[in-house]
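# Overview (structure and organization)
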Amino acid sequence: MPQQIWHLKNNELFTKLKPERLAHLESRCRSRSFAAHSPVYLPSQSADSVFLLASGLVKVCNLTNDGKQSILAFVEPGEMFGELAIFESEQRDEYVEAVEKSTVVMIPASELQELMAANHDVSIALTRMIGLRRHRVERRLKNLLFLSNRDRLVHLLLDLAEQFGIRDTDGIRLRIKLAHQEIANLMGSTRETVTILLGQLKSEGMVDVGRQRIVLVQAEQLAMSVHRKMPSLNS
């Protein structure tokens, strides 16, 4: 099976498509690889495609008015990004950067528009995906406005556990490797503040922190401290 068809067929949006429709969609797609730390697309570029991550890891970012990076989301293989191109065919607002060597399948937005019009399942699945991503961003924005740095960090760790957490003997380990600056960019703080707060949580026995390695040792207590439920793991 061609690689592009394999990646499309294994995405939730396209699981119920007939083989001939899937083959037509594949014929309109293109694959492209990106080196680590290179841009997949930049602000002001034309928004005429939606992207399916085939391998690697990418991050969706914005630049603040003072030129600092704000990370909106990390995207794993099998997930889509740039989906607003389906509704707005003008310029991108955000930019996407490859965290590690990554391969993406570029799907014309017009093809997805036709699929949504003709296939109820595709429309519902895409709406669900956009809604979940928007919910995560809105929750982070609310935390940024109303919570202390410590509580924002705890919420972020719980969010990351839901998306990237794996249970092991020590607790919930995050599969994603994050530098302190990247955590700061995710929660709207500074690297120095993140380093201090992680040190405090470690001294309290809540987390175990190594070189770009984080384990939530007491995930339940962390969740209770910010009045949340235990994270429900994807993995």
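Higher on the page you've got the structure.
Conventions adopted
- Residues numbered from 1 in each chain as written.
- Predicted model: local features only at pLDDT ≥ 70, side-chain atom pairs only at ≥ 80, totals over all residues.
- Heavy atoms only, no water.
- Helix = DSSP H or I, 4+ residues; strand = E, 2+ residues; numbered from the N terminus.
- Rg over C-alpha atoms; globule rule 2.2 N^0.38 Å.
- Buried < 20%, exposed > 50% of the residue type's maximum accessible area, 1.4 Å probe, protein only.
- Contact = heavy atoms within 4.5 Å.
- Axes fitted to C-alpha atoms, helices over the stretch in contact; angles between N-to-C directions.
- Parallel < 35°, antiparallel > 145°, perpendicular 65-115°, else oblique.
- Nonpolar A, V, L, I, M, F, W, Y, C, P; charged D, E, K, R; others polar.
- Arc of directions from axis to C-beta.
- Pairing = 2+ DSSP bridges.
- Core = buried A, V, L, I, M, F, W, Y, C linked by side-chain atoms within 4.5 Å.
- Patch = residues over 30% accessible without salt bridge, like charges linked within 9 Å, V, L, I, M, F, W, Y side chains within 5 Å.
- Areas by Shrake-Rupley, 256 points an atom, 1.4 Å probe, with all protein chains shown as cover.
- Salt bridge = Lys/Arg side-chain N within 4 Å of Asp/Glu carboxyl O.

Across its full length, the protein chain carries eight helices and 12 strands. A globule of 235 residues ought to have a C-alpha radius of gyration of about 18 Å, and the protein chain, at 19 Å, matches this closely. Taking the principal axes of the C-alpha coordinates as reference, the protein chain spans close to 55 × 40 × 30 Å. Looking at the protein chain as a whole, 47% of its 235 residues are labelled buried. Look at the contacts in the protein chain between residues 6 or more apart in sequence, and 71% of them connect residues 24 or more apart.

Viewed as axis vectors pointing N to C, helix α5 (residues 149-164) and helix α6 (residues 180-187) meet at an angle of 100 degrees, and their least axial separation amounts to 10 Å. Our classification of the angle between α5 and α6 gives roughly perpendicular. Each of N149, R152, L153 and L156 in α5 lies in contact with α6, whose residues at this interface are I183, L186 and M187. Here the contact of α5 with α6 is composed, by residue class, of five nonpolar, one polar and one charged.

Take helix α3 (residues 109-118) next. Those residues of α3 that fall on the buried side of the exposure criterion are A109, E111, L112, L115 and M116. What you see down the axis of α3 is that its buried residues fit within an arc of 155 degrees, all on one side. α3 presents A117 and A118 as exposed residues on the side facing more than 90 degrees away from its buried surface.

So, on to the sheet that holds strand β8 (residues 102-108). Spatial strand order, β1-β8-β3-β6: four strands in an open sheet with antiparallel pairing. Strands with a single pairing partner mark the edges of an open sheet, and in this sheet they are β1 (30-34) and β6 (80-81). Lying on the sheet, α3 is in contact with β3 (49-55), β6 and β8; it crosses β8 at an angle near 60 degrees.

Grouped together as the largest cluster of nonpolar side chains are 36 residues, with contacts concentrated most on F74, L157, I183 and L216. Looking at this core, the elements that each hand over two or more residues are β5 (69-75), α5, β10 (171-174), α6, α7 (191-203), β11 (207-210), β12 (213-216) and α8 (219-225). The biggest single contributor to this core is α5, with eight residues. For L157, the residues in contact, after removing those within four places along its chain, are L174, L198, L201, V207, I214 and L216.

Moving on, we get to the environment of D48. For D48, the position within the fold is in the loop between β2 (39-41) and β3. Among the residues examined, D48 registers a relative accessible area of 48% and is labelled partly exposed. Considered as a pair, D48 and V215 are 167 residues apart in the sequence and their alpha carbons are 39 Å apart.

On the surface, L141, L144, L145 and F146 cluster together to form a nonpolar patch covering roughly 450 Å² of accessible area. In this structure F146 comes out as exposed when scored by relative accessible area, which is 66%.

Under the definition given, this model contains 11 salt bridges. The salt bridge involving E111 is made with R28; its shortest N-O contact spans 2.4 Å. Here E111 is found in helix α3, whereas its partner R28 is found in helix α2 (residues 19-28), with 83 residues between them in sequence. Its relative accessible area of 2% is what places E111 among the buried residues. The exposure class of R28 is partly exposed, given its relative accessible area of 39%. In this structure, the salt-bridge partner of E76 is R175, at a minimum N-O distance of 2.6 Å.

So yeah, pure geometry; function would need other evidence.
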